[in-house]
Amino acid sequence: AKILLDSWYRTLKGFCILIEAEWCEFGHKFLDRNNDRNSDDFSPVFLQFLDAIHSIRATRPNHFEFNEELLLYLANAVYS
């Protein structure tokens, strides 16, 4: 909701801080949730988050300081 309500989170710096605060500092288990499809912990929720951001950005690209290349970079980083 922050990205919709506060335009600062649609800047590159704001989006990075949003990910850090809501995902990294919260303790999201990137490795467990994204890499082993046979694991009980598998749940690509971060990828779904990136997809949601992509969909929002597609409707109003001029309101975002970053583009889909950043989203693809983050998705690739999670799976590498």
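Everything discussed here concerns the structure shown above.
Residues numbered from 1 in each chain as written. Predicted model: local features only at pLDDT ≥ 70, side-chain atom pairs only at ≥ 80, totals over all residues. Heavy atoms only, no water.

Participant: Sorry, what's going on with helix H4 (residues 45–59) here?
Facilitator: Across its 15 residues, H4 extends 22 Å between first and last C-alpha, which sits within 8% of the 21 Å expected from 1.5 Å per residue. Of all the positions in H4, only Phe46, Phe49, Leu50, Ile53 and Arg57 are classed as buried. The buried residues of H4 all sit within an arc of 95° when viewed along its axis, so they share a single face. Away from its buried face by more than 90 degrees, H4 exposes Gln48, Ala58 and Thr59. (Helix = DSSP H or I, 4+ residues; strand = E, 2+ residues; numbered from the N terminus. Expected span 1.5 Å × (residues − 1). Buried < 20%, exposed > 50% of the residue type's maximum accessible area, 1.4 Å probe, protein only. Arc of directions from axis to C-beta.)

Participant: Sorry, what's going on with helix H5 (residues 68–79) here?
Facilitator: Because each turn of an α-helix spans 3.6 residues, side chains separated by three or four positions in sequence point in the same direction. Helix length check: H5 (twelve residues) gives 17 Å between terminal C-alpha atoms against 16 Å at 1.5 Å per residue, within 8%. Inspection of H5 places Leu70, Leu71, Leu74, Ala75 and Val78 among the buried residues, and these make up the whole buried set. Buried residues of H5 fall within an arc of 135° about the axis and therefore sit on the same side. Every exposed residue of H5 that faces more than 90 degrees away from the buried side is listed here: Glu69, Leu72, Tyr73 and Asn76. Structurally, the start of H5 carries an N-cap: the backbone nitrogen of Glu69 is 3.0 Å from a side-chain oxygen of Asn67. (Polar contact = N/O pair within 3.5 Å; in protein donor to acceptor, adjacent residues only side chain to side chain.)

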